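Close look at the chain arrangement
Single-letter residue listing:
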Amino acid sequence: MTRADLVVTDIGELATLATGPIPRVGSAMRELGRIPRAAVAIDRGRFVYVGPEARLKREVHVRSGGATWGAGGGTVVPGFVDPHTHVLFAGDRAAEIDLKIGGASYLDIAGRGGGLFQTVRSTRRASTALLLRSAEARLRRMAAMGTTACEVKSGYALTPAGERRLLSLVPILARRTGLRLVPTFLGAHAVPPEYADRPEAYVSALVTDALPLVVRHRLADFCDAFCEPGFFSVEQTERLLLAARALGLGLKVHADEFVHSGGAELAARLGCRSAEHLLESSEEDRRALASAGVTAVLLPVTPFASFAHRSSPGRAMVDAGVPVAVGTDLSPNSWVESMPLVLAHSVYGAHLTPGEALTAATVNSAHAIGLSGEAGTIAVGRSADFVAFDVPSIEHIPYRFGLLPERVYRRGIRVPPARNPGS
Ligand code: ZN
């Protein structure tokens, strides 16, 4: 008899995502490991039983003082893994909405020293206490909406020391929130004003000053770069990523978001873990990503928040055999904290099926940030990170825009419901 300190019964549909290859590609993205009329049992933060409710009583004994919760016939899925966030920033850019409505693009606004550079100024000025407080509040709202693990990029300091300061906050935020956080060094988010006409010199500073210290102090698992005209060229991105790889970091690229400029091709050639955004990627890029096994991290709310009249190429990527993950891209440009909202956009904007979208937000996004085996599935022995929705099947999660979870558990402990904004 297995002992448990928490049992969840009366699950109408459980999607474990625990069977099938990692990452999932093609038709395997619809393999959800569905179990009808299911139950799960948890002991000391890990699943000890996952299966039909009919067998639960024979196999599991609730410890004295343990708890049982009935999910009311609802749907339970793994905790969401958000593979792309810029959650560490100060200030906001609400005033940009009027500019965007007037036709200004992200590049136009950044070119005038606003946009991202406005966030760089406010982040550089912000106290560490303020950065921690605001990022913690965002992470807690993300958790309340079902995110139990996420990536955190640096990228709004754009100095070697400032980027290190941002990354050093990630373990503190993980302790405060209980979330599994994966840090990514994005010193190459943009060329800072101090290096305006000298991008090569900035890349050199990143390679010689920033990266070695980031690695020595174990501040990041991945290195990312914004490969786009006006930001970093393919050659500069490659130079940085090769230096990062030599130091043992995983590689990511912000690729082909605004124009088709070779970022996806580079990601395939270097065998990066992921290429992200990819709004302007080509059929040839998709073939290259598929054959190199690079995960496409799609951020389907971002073009919507940018009034871009484009949508993430979800359907085309899945059909081409590229592993697809989805994330929020939470930043002052696209302030999205809710993975259920991302699932809705993955379906209605990127044309993934609800099953593919769920795979992209769990098991494949865990792979994209190096958490395979630790997050994104519900299986005996795994950390008990899961989300219960009061809907009859997984299809309803993206179907209903803005759906809120009934309950979220991280390591078997209930996450408090969302509180409203502030920062
Ligand atoms: Zn991004």
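Above: the structure in question.
Here's what I pulled together on the structure shown here.

Around the zinc ion, the donor atoms from the protein are His84 (NE2), His86 (NE2) and His254 (NE2), and they sit 2.0 to 2.2 Å away. Linear spacing of the donor residues for the zinc ion on their chain is H-x1-H-x167-H. One end of the pair, His84, is in the loop between β5 (80-82) and α2 (96-101); the other, His254, is in strand β9 (residues 250-255), and 170 residues separate them in sequence. With a relative accessible area of 2%, His254 lands in the buried category.

Right, let's talk about the pairing of strand β2 (residues 34-43) for a bit. With seven of ten residues buried, β2 is to be regarded as a mostly interior element. Sheet topology places strand β1 (residues 2-15) next to β2; seven bridges connect them, and they run antiparallel. Following the sheet pairing, Leu6 is matched in β2 by Ile42. Across six bridges, the pairing between β2 and strand β3 (residues 46-52) is antiparallel. Its bridge partner being in β3, Asp43 is matched across the sheet by Arg46.

Another point: the pattern of salt bridges. If charged atoms from side chains of opposite charge come close, those side chains can pair. For the structure on display, the rule yields 24 salt bridges. Measuring nitrogen to oxygen at the nearest pair gives 3.4 Å for the salt bridge that ties Arg44 to Asp43. Accessibility expressed as a relative area gives 65% for Arg44, which makes it exposed. The structure contains a network of salt bridges with shared partners spanning Glu151, Lys153, Asp224, Lys252 and Glu276.

Here we come to the packing of aromatic side chains. Following the criterion strictly, the structure yields ten aromatic pairs and no others. Here Phe89 and Tyr156 contribute two aromatic rings whose centre-to-centre distance is 6.4 Å and whose plane-to-plane angle is 75 degrees, an arrangement assigned as edge-to-face. Of this pair, Phe89 sits in the loop between β5 and α2 while Tyr156 sits in the loop between β6 (147-153) and α6 (160-168), and the two are 67 residues apart along the sequence. Both residues of the pair, Phe89 and Tyr156, belong to the buried class. Aromatic side chains Tyr348 and Phe401 sit 5.1 Å apart centroid to centroid with 20 degrees between the ring planes, which places their arrangement in the stacked category. In this pair, Tyr348 is assigned in helix α14 (residues 339-348) and Phe401 in the loop between α17 (396-399) and β14 (407-410), connecting sequence segments 53 residues apart. In this structure an aromatic cluster arises from ring pairing among Phe47, Phe386 and Tyr409. Geometry around Phe89 places Arg138 over its ring, the cationic atom sitting 3.6 Å from the centre.

So, on to the sheet that holds strand β12 (residues 324-326). Spatially, the eight strands line up as an open sheet ordered β5-β6-β7-β8-β9-β10-β11-β12, and their pairing is parallel. The outermost strands of the open sheet, each flanked by one partner alone, are β5 and β12. The average undirected angle you get between the axes of adjacent strands in this sheet is 25 degrees. Inspection of the sheet shows β9 paired to strand β10 (residues 274-277) by four bridges, in the parallel sense. Note that in β10 the partner of Val253 across the bridge is Ala275. Packing against the sheet, helix α10 (residues 263-270) makes contact with β8 (222-227), β9 and β10, and its axis sits at approximately 165 degrees to β9.

Reading the values: rules and limits
Residues numbered from 1 in each chain as written. Predicted model: local features only at pLDDT ≥ 70, side-chain atom pairs only at ≥ 80, totals over all residues. Heavy atoms only, no water. Donors = N, O, S within 2.8 Å, 3.2 Å for Na, K, Ca; no water. Helix = DSSP H or I, 4+ residues; strand = E, 2+ residues; numbered from the N terminus. Buried < 20%, exposed > 50% of the residue type's maximum accessible area, 1.4 Å probe, protein only. Pairing = 2+ DSSP bridges. Salt bridge = Lys/Arg side-chain N within 4 Å of Asp/Glu carboxyl O. Phe/Tyr/Trp six-rings, centres within 6.5 Å; stacked < 30°, edge-to-face > 60°. Lys NZ or Arg CZ within 6 Å of the ring centre and 35° of its normal. Axes fitted to C-alpha atoms, helices over the stretch in contact; angles between N-to-C directions. Contact = heavy atoms within 4.5 Å.

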